[in-house]
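Geometric and topological summary
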Amino acid sequence: MSELKDMKIMIFPSKYIQGDGAMNLLPEVMEKFGDKPFIVATKSMVETSKKLMGNTGKVEQFGGECSRSEIDRIKTIAKDFGATAIAAVGGGKPIDASKVIADEMNIPIVSCATIAATDAPTSGCAVIYTEEGVYVEVLYQKRNPDVVLMDTDIVLKAPTRFLISGMGDALATFFEANSCEHTGSLSEAFALRTKTTMALTKLCLDILLDYGRQAVKDAQNGIKSEAVEAIIEANSLLSGIGFESGGLGSAHSVHNGLTVLPATHHLYHGEKVAFGTLTGLHLYDDLGIIDEIYDFCIDVGLPVTFEDLRIPNVTDEELKEVAESSYLYNFMSHEPVELSVEKVIEALKKTDKIGRDKKAAKGM
């Protein structure tokens, strides 16, 4: 990819469809890709997927973790079936696993997201974990998903925590792209950023700050609103385009570092990324916006303290392990400041301290 490093590149899913009933389009979409559709579904969506597909294709239940062993298990079944295309029905992990399988089998991939908790549905890369949930690596696919289906009705029926987590993931998008732009670091497209990319990452942040609080209230009450639709778009489409074509930084490095602590495995990806975003802003905040981001996170229910991360009694030794792990990831080098493990530890502690102070000031 070295020949691309001086280029500006944007990458997108081939088609993005959002709205009530979008999942009902799955049989029609899969039919265009051959007569052996293979569906990977989370446990809660297996029967719905079977009913939707009827006698067409095969539905396989996802095992729960996007690990190499689970990918290989499902790929063997898909190959034996002779799958002509794969559709993932569920959240980020089954979607990521299915993207890897489709890429390795060189067949089309359709993302049918049931939650708006991550930007996995639109991206052409997948995060691989151990079977215990510890981050291992990112795998890059030859292309982004052929079709993305975001069914507003299904997303709204999911626990609101998923939508909030998606906002945490999306929250990092602008700040990480901004850092990469300042340092000239390559994006996940292994290239530089277009002005369009930077505009979309800023739009992603603006939508979160403008609509996020209302979207949480509406989602909790099952109300389909402009705010909910806007946040689904920001979480899934804008964040996906933004992180791939913009680049990653300290927020995702801290997320990856936090996975070394078993107590954080019960948290969603975006919840850890949100804390990582605040930590990153303590390392570099050229906009002076950190107070506004703290207020946003507290208002919508994203983690701002160690207690929120379920590590209230985290030790200095554990924080050092988190910081060392975070610092190992190349994303951390995308920040336009000189960093060290000690500075990351200091930023982690500062994030927690200010988070506690701000929550106390709000009577929380």
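Residue positions are given per chain, counted from 1 along the sequence in the order it is written. Since the coordinates come from a predicted model, pLDDT governs what is reported: local features require at least 70, and pairs of side-chain atoms require 80 or more to be given and counted, while whole-chain, interface and lining totals use all residues. For side-chain calculations, the full set of non-hydrogen atoms in the structure is used, while hydrogens and water are omitted.

**Let's talk about the pattern of salt bridges**
- We define a salt bridge as a contact between a side-chain nitrogen of Lys or Arg and a carboxyl oxygen of Asp or Glu at a distance within 4 Å. A full pass over the atoms with the stated rule returns 22 salt bridges.
- A salt bridge links aspartate 103 to lysine 142; the nearest nitrogen and oxygen atoms lie 3.1 Å apart. Within this pair, whereas aspartate 103 is found in helix H4 (residues 92-105), its partner lysine 142 is found in the loop between strand S7 (135-140) and strand S8 (147-151), the two being separated by 39 residues in sequence.
- What makes lysine 142 exposed here is its relative accessible area of 57%.
- A network of salt bridges, in which partner residues are shared, links Asp20, Asp153, Lys157 and Lys224. The helix count covers DSSP runs of H or I at least four residues long, the strand count covers runs of E at least two residues long, and both are numbered beginning at the N terminus. Categorising residues by exposure relies on relative accessible area from a 1.4 Å probe, with only protein chains included: less than 20% of the type maximum marks a residue as buried, more than 50% marks it as exposed, and the intermediate range marks it as partly exposed.

**Some words on the packing of aromatic side chains**
- Classification of ring pairs uses Phe, Tyr and Trp, with its six-membered ring standing for Trp, and accepts pairs whose centres are within 6.5 Å; under 30 degrees between planes counts as stacked, over 60 as edge-to-face, and the remaining range as tilted. Considering all chains together, one arrives at 6 aromatic pairs under this definition.
- Measuring from ring centre to ring centre gives 6.5 Å for tyrosine 129 and tyrosine 135, while their planes differ by 85 degrees; the resulting arrangement is edge-to-face.
- Lysine 36 extends its terminal NZ or CZ atom over the ring of phenylalanine 81, reaching a point 4.8 Å from the ring centre.
- Against the face of tyrosine 129 rests lysine 93, its NZ or CZ located 4.5 Å from the ring centre. Whether a charge sits over a ring depends on NZ of Lys or CZ of Arg being within 6 Å of the ring centre and within 35 degrees of the ring normal.

**A look at the side chain of serine 250**
- Structurally, serine 250 can be placed in helix H9 (residues 250-258).
- Those residues in contact with serine 250 that lie beyond four places of it in its chain are Glu176, Gly276, Gly280, Leu283, Phe331, Met332 and Glu335. Any two residues whose heavy atoms approach within 4.5 Å at even a single point are treated as in contact.

**Remarks on the pairing of strand S3 (residues 58-61)**
- Two strands form a pair only when DSSP identifies at least two bridges running between them. The sheet contact formed by strand S2 (residues 37-41) and S3 spans 4 bridges and is parallel. Directly across from isoleucine 39, in S3, lies its bridge partner valine 59.
- On the question of chirality, the crossover connecting S2 to the parallel S3 by way of helix H2 (residues 46-53) is right-handed. With the strands pointing away from the viewer, any crossover whose connection runs clockwise from the first strand over the helix to the second is right-handed.

**With respect to the pairing of strand S6 (residues 125-129)**
- With 4 of its 5 residues buried, S6 lies for the most part within the structure.
- Inspection of the sheet shows S6 paired to S7 by 5 bridges, in the antiparallel sense. Bridge pairing in S7 links cysteine 125 to tyrosine 140.
- Where S6 hands over to S7, the hairpin turn is made up of 5 residues, of which glycine 133 adopts a positive phi near 95 degrees.

**Quick notes on the environment of isoleucine 9**
- Examined against the element boundaries, isoleucine 9 turns out to sit in the segment before strand S1 (16-19).
- The sequence separation of isoleucine 9 and proline 159 amounts to 150 residues, and the corresponding C-alpha distance is 36 Å.
- In this structure, isoleucine 9 is in contact with Leu4, Ala189, Ala191, Leu192, Thr194 and Ser245, ignoring residues within four places of it in sequence.

**Quick look at a negative patch on the surface**
- Taken together, Glu317, Glu318, Glu321, Glu324 and Glu342 make up a surface patch of like negative charges.
- Ranked by residues supplied to the negative patch, first place goes to helix H12 (residues 316-328) with 4 residues.
- Relative to the helices and strands, glutamate 324 is located in helix H12.
- Here glutamate 324 falls in the partly exposed class, since its relative accessible area comes to 36%. Residues forming no salt bridge and having over 30% relative accessible area are the ones grouped into patches, like charges within 9 Å of each other and nonpolar side chains (Val, Leu, Ile, Met, Phe, Trp, Tyr) within 5 Å. Computed with a 1.4 Å probe, the accessible areas rest on the Shrake-Rupley method; for each residue, only the protein chains presented here act as cover. Note that His is not counted, nor are the chain ends; the positive residues are Lys and Arg, and the negative ones are Asp and Glu. Charged groups are reduced to one reference atom each: NZ for lysine, CZ for arginine, CG for aspartic acid, CD for glutamic acid.

**What to know about the sheet that holds S1**
- Within the open sheet, the 6 strands sit side by side as S1-S8-S5-S4-S2-S3. Their pairing is parallel. Taken across any chain shown, the strands that pair with only one partner, and hence form the sheet edges, are S1 and S3. The mean inter-strand angle of the sheet, taken between neighbouring strand axes irrespective of direction, is 15 degrees.
- Pairing between S1 and S8: 4 bridges, direction parallel. Residue pairing for S8: tyrosine 16 is matched across the bridge by valine 148.
- This element, H4, spans S2, strand S4 (85-90) and strand S5 (109-113) of the sheet and lies at about 175 degrees to S4.
- Lines are fitted to the C-alpha atoms to define the axes, a helix being fitted only along its stretch in contact, and any angle between axes, read from their N-to-C directions, falls within 0 to 180 degrees. Across the face of the sheet, helix H8 (residues 226-246) comes into contact with S1 and S8 while running at roughly 155 degrees to S1.

**Notes on helix H13 (residues 341-361)**
- In a helix, the anticipated span is given by 1.5 Å times the number of residues less one. Here H13 spans 30 Å end to end across 21 residues, near enough to the 30 Å set by a 1.5 Å rise per residue.
- Looking only at H13, the buried set comprises Val341, Val344, Ile345, Ala347, Leu348, Thr351, Asp352, Gly355, Lys358 and Lys359.
- Buried residues belonging to H13 abut H9, helix H10 (269-283), helix H11 (290-300) and H12.

**Some remarks on the nonpolar core**
- Within the largest apolar cluster, 48 residues are counted, with the highest numbers of intra-cluster contacts made by Met167, Leu205, Leu208, Ile293 and Phe296.
- For this core, the secondary-structure elements that each account for two or more residues are S8, helix H5 (152-157), helix H6 (160-183), helix H7 (195-220), H8, H10 and H11.
- For phenylalanine 296, the residues in contact, after removing those within four places along its chain, are Met167, Leu171, Leu208, Leu209, Gly212, Arg213 and Leu302.
- The set of buried Ala, Val, Leu, Ile, Met, Phe, Trp, Tyr and Cys residues whose side-chain atoms join them within 4.5 Å is what this entry labels a nonpolar core. Counting 20 residues, the second largest nonpolar core, distinct from the first, contains Leu258, Leu267, Leu283 and Ala347.

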